[in-house]
Amino acid sequence: MNTAPYFHLVLQPDLGVVSTIRRFTNDLYQRVLDRELAGRLALATHEVLENAISYSNGRETELRIDIEGDEVNLRTWNHADPERIEAIKDGIDHLMAAADPDAHYQECISVSYQRTDGGSGLGLARIRNEADMSLSYEIDRDRVCIRATTKLVGGLRA
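Predicted model only: the values in this text are computed from it and were never measured. (Residues numbered from 1 in each chain as written. Predicted model: local features only at pLDDT ≥ 70, side-chain atom pairs only at ≥ 80, totals over all residues. Heavy atoms only, no water.)

A. View of the overall build of the protein chain. Each helix and strand counted, the protein chain has five helices and five strands in total. In sequence order, the secondary structure elements of the protein chain are arranged as β-α-α-β-β-α-α-α-β-β. Computed over the C-alpha atoms, the radius of gyration of the protein chain is 15 Å, within 12% of the 15 Å expected from 2.2 N^0.38 for a compact globule of 158 residues. Principal-axis analysis of the C-alpha atoms gives the protein chain an extent of 50 × 35 × 25 Å. For the protein chain, buried positions account for 43% of its 158 residues. Across the protein chain, contacts joining residues at least 24 apart in sequence account for 66% of those joining residues at least 6 apart. Per element, the accessible surface of the protein chain, about 8500 Å² overall, is 47% carbon and sulfur. The positive charge centre, built from 18 side chains, and the negative charge centre, built from 26, are 5 Å apart in the protein chain. (Helix = DSSP H or I, 4+ residues; strand = E, 2+ residues; numbered from the N terminus. Rg over C-alpha atoms; globule rule 2.2 N^0.38 Å. Buried < 20%, exposed > 50% of the residue type's maximum accessible area, 1.4 Å probe, protein only. Contact = heavy atoms within 4.5 Å. Areas by Shrake-Rupley, 256 points an atom, 1.4 Å probe, with all protein chains shown as cover. Lys, Arg positive; Asp, Glu negative; His and termini not counted. Charge placed at Lys NZ, Arg CZ, Asp CG, Glu CD.)

The quantities given are spatial measurements derived from coordinates; they are silent on function.
Here it is as structure tokens:
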């Protein structure tokens, strides 16, 4: 039986570590997944972790990646202020309601040119479109969990 590596990180919010964790994720999962899926997982890791850190109210951020059955799961947890939580919920609800992820992503790109807050607002849309993952969230008071999920096709490599 092949077992997939998993990891759970707890870190202080620091955008400087996002690229390092993306590379680690890609390197780790290329050992057991096909290169394309490992790359999509690395992209999603970068975007969801950057989002969790950006929306955090300064407390710890957590990241967990695992494979359960035929599902690859990526989860982040952070603490956020109420207005940020509403923005996250609205963004994910709107994103997942879009019938055509690519058309929605193109719309998000157009809107991103008009943003003045310094961010592109494209991270979660990239996960849905480019990484081909579904997104969901769970809220427990001020603690937000964002989950990105995709199917494991073809199983694990030996």
